[in-house]
Amino acid sequence: MSTHEEHTVRDLGPMERGTSQRVASRHRMWSVAWSALCVLAALWSVAWAVGAIAGDGDAWAFAVPGLVLLAGALWARRSAIRNSPPRHL
């Protein structure tokens, strides 16, 4: 193996309980889940805000909770990323 191949090819190793790969995988999964929730809450808020601008008076009742959910999901995503282990294992 050349020096270049040693740095580009990584063996994940066992994904058994307690291994660093499994912990990193779990943190990555949570980060992806919170990101997906952020996208859904943002779409929900934008859709209802557009409805409110178009003249539907009750749409603000759905847009504001969507913004609150978006803020909570962004905070949880930031916490998940900040508390994740280092990416270099």
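Residues numbered from 1 in each chain as written. Predicted model: local features only at pLDDT ≥ 70, side-chain atom pairs only at ≥ 80, totals over all residues. Heavy atoms only, no water.

**Some details on a nonpolar patch on the surface**
Taken together, the side chains of Ile 53, Trp 60, Val 64 and Val 68 make up a nonpolar region of the molecular surface, amounting to roughly 450 Å² of accessible area. Ranked by residue count, the leading element in the nonpolar patch is helix H3 (residues 60–82), at three residues. Relative to the helices and strands, Ile 53 resides in helix H2 (residues 20–53). (Patch = residues over 30% accessible without salt bridge, like charges linked within 9 Å, V, L, I, M, F, W, Y side chains within 5 Å. Areas by Shrake-Rupley, 256 points an atom, 1.4 Å probe, with all protein chains shown as cover. Salt bridge = Lys/Arg side-chain N within 4 Å of Asp/Glu carboxyl O. Helix = DSSP H or I, 4+ residues; strand = E, 2+ residues; numbered from the N terminus.)

**So, H3**
A rise of 1.5 Å per residue sets the reference length of H3, with its 23 residues, at 33 Å; its end C-alpha atoms lie 33 Å apart and thus fit the reference within 8%. Taken together, the buried residues of H3 touch H2. (Expected span 1.5 Å × (residues − 1). Contact = heavy atoms within 4.5 Å.)

**A closer look at the UniProt feature "transmembrane region" (unreviewed entry) in the chain**
This chain's UniProt record puts "transmembrane region" (unreviewed entry) on residues 32–53 and 59–76. Helix makes up 100% of residues 32–53 and strand 0%, and the two end C-alpha atoms of the span are 31 Å apart. Counting secondary structure, residues 59–76 comes out at 94% helix and 0% strand; the distance between its end C-alpha atoms is 26 Å. (UniProt positions renumbered as here; feature names shortened; annotations may be inferred.)

**Thoughts on the packing of aromatic side chains**
On inspection of all chains with the given rule, the structure shows one aromatic pair. For the ring pair Trp 48 and Phe 62, a centre distance of 4.5 Å and an interplane angle of 25° mean the geometry is stacked. Residue Trp 48 is located in helix H2, and its partner Phe 62 is located in helix H3; the two are separated by 14 residues in the primary sequence. By relative accessible area, Trp 48 is classed as partly exposed at 29%. (Phe/Tyr/Trp six-rings, centres within 6.5 Å; stacked < 30°, edge-to-face > 60°. Buried < 20%, exposed > 50% of the residue type's maximum accessible area, 1.4 Å probe, protein only.)

**Focus: the environment of Gly 66**
With respect to the secondary-structure elements, Gly 66 resides in helix H3. Take Gly 66: its relative accessible area is 0%, and that puts it in the buried class. Apart from residues no more than four positions distant in its own chain, Gly 66 is found in contact with Ala 41, Trp 44 and Ser 45.

**Thoughts on the packing of H2 against H3**
Between H2 and H3, whose axes approach to 8 Å, the crossing angle comes to 160°. One element, H2, and the other, H3, form an angle in the roughly antiparallel class. Here the hand of the crossing between H2 and H3 comes out left-handed. Of the residues contributing to the contact of H2 with H3, the split by class is 20 nonpolar, four polar and one charged. (Axes fitted to C-alpha atoms, helices over the stretch in contact; angles between N-to-C directions. Parallel < 35°, antiparallel > 145°, perpendicular 65-115°, else oblique. Left-handed = near helix turned anticlockwise from the far one by under 90°. Nonpolar A, V, L, I, M, F, W, Y, C, P; charged D, E, K, R; others polar.)

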